[in-house]
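# Architecture and fold: a report
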Amino acid sequence: MNKRFKVLFLLFSFLFVFGFSQNPKFKNKKIYVSKENFKRKFEASDSLGNIIIGKDTLIEVLSHPDLKGIPVRYEYKDSTFLEEYKKVAFQLYHKDSADTKTMKYWKTPIKIYFSEGMDKKVIKNIMSFTKEIEGAVDSLNISRVKNINEANYFIYYDDDFQFSQKLEKYRKSDYSIYWNKKSQIYKGYMRIIRKRMFSNKLAQEKIKDLFFGSLGWFKRSHELGCNSYFSNCYSENKQMSEFDKQLLQYHYSYGICKGTTKLSFEAQHKRHKKSLKDGRTDIYIINN
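In what follows, the accompanying structure is described. (Residues numbered from 1 in each chain as written. Predicted model: local features only at pLDDT ≥ 70, side-chain atom pairs only at ≥ 80, totals over all residues. Heavy atoms only, no water.)

## Quick notes on the state of the cysteines
One pass over the structure, following the stated rule, counts one disulfide. Residue pairing for Cys226: its cysteine sulfur links by disulfide to Cys233, the two sulfurs lying 1.9 Å apart. A relative accessible area of 35% places Cys226 in the partly exposed class. (Disulfide = S-S within 2.5 Å. Buried < 20%, exposed > 50% of the residue type's maximum accessible area, 1.4 Å probe, protein only.)

Set out below in structure tokens:
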């Protein structure tokens, strides 16, 4: 491929490759799609020619109906980090399933409503924790609201008003989240069993642990230390470690493809790393 082109990989439901001129704002873009994608979404007359990259034939088109969003440079991570990330980011269908459910993430701001029965000291501690999260992840916006109609996340005790019928059936403190077809979370509920909370400290630690998990429907790991928020073992002294922050930052990075299953995630990284190895250093992602 001519050196004056940059390559941009985008994930919608398929892979697209974009060649760009040296203009960093991508004004003079050339759009390429795979042969398979071309057959699904275009007519033969839409072809402006083709190029060959490795073993792949890519067809140039004038535009693409799914092209929306801002290109973000692909975020490279080594295999060791990716293996740890995959352990917490993807929920299995069942223990023997080959693939997983899609990863989930918040795109809209999180606006928390605390029930009237929640202690003010607990609320203050929780909101301090959310500020720590915001400080680590630029794309997360978390705030407290006192108007119930403005909220999309509700935290309450089991003897307060019950915001979620689903959680009423649970005997343990837990959360429930809802997402759209793009795997973007838009609403959350957390119900705390008061009789199990013998102190405000226990309540706030449980809320922080559950809230952290609800930021990505994370699968807790047996292999991380008990003080990690990604660990599934109990601790009254969990701290957001630097590695916790790195995993969370990566989960919310727009330099990776969002809403994928584990197998798709692995295939994309294999493809992108091969491109880097082949000398195509300008790889970008668009999530829309």
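Having seen the model, we can carry on.
## Things to note about the side chain of Ser221
Residue placement: Ser221 occurs in the loop between helix 5 (200-214) and helix 6 (242-251). Residue classification places Ser221 among the buried positions, given a relative accessible area of 6%. Ser221 has contacts with Val88, Phe230, Ser231 and Asn232, leaving out every residue within four places of it along the chain. (Helix = DSSP H or I, 4+ residues; strand = E, 2+ residues; numbered from the N terminus. Contact = heavy atoms within 4.5 Å.)

## Observations regarding the packing of helix 3 (residues 120-136) against helix 5
As a packed pair, helix 3 and helix 5 sit with axes 9 Å apart at the nearest point and diverge in direction by 35 degrees. Taken as a pair, helix 3 and helix 5 cross one another with a handedness that is right-handed. On helix 5, the residues that touch Lys121, Val122, Asn125, Ile126, Phe129, Thr130 and Ile133 of helix 3 are Asn200, Gln204, Ile207, Lys208, Phe211 and Phe212. Residues belonging to the contact of helix 3 with helix 5 are distributed by class as follows: seven nonpolar, four polar and two charged. (Axes fitted to C-alpha atoms, helices over the stretch in contact; angles between N-to-C directions. Left-handed = near helix turned anticlockwise from the far one by under 90°. Nonpolar A, V, L, I, M, F, W, Y, C, P; charged D, E, K, R; others polar.)

## Considerations on the pairing of strand 11 (residues 174-179)
Pairing between strand 11 and strand 12 (residues 184-192): six bridges, direction antiparallel. Bridging across to strand 12, Tyr175 finds its partner in Met190. Hairpin connection from strand 11 to strand 12: four residues lie between these consecutive antiparallel strands, with Ser183 at a positive phi of about 70 degrees. (Pairing = 2+ DSSP bridges.)

## Observations regarding the pairing of strand 12
Most of strand 12 is tucked away: seven of the nine residues are buried. Here two bridges tie strand 7 (residues 105-106) to strand 12, and the two strands are oriented parallel to one another. Looking at the pairing, Trp106 lines up with Ile185 of strand 12.

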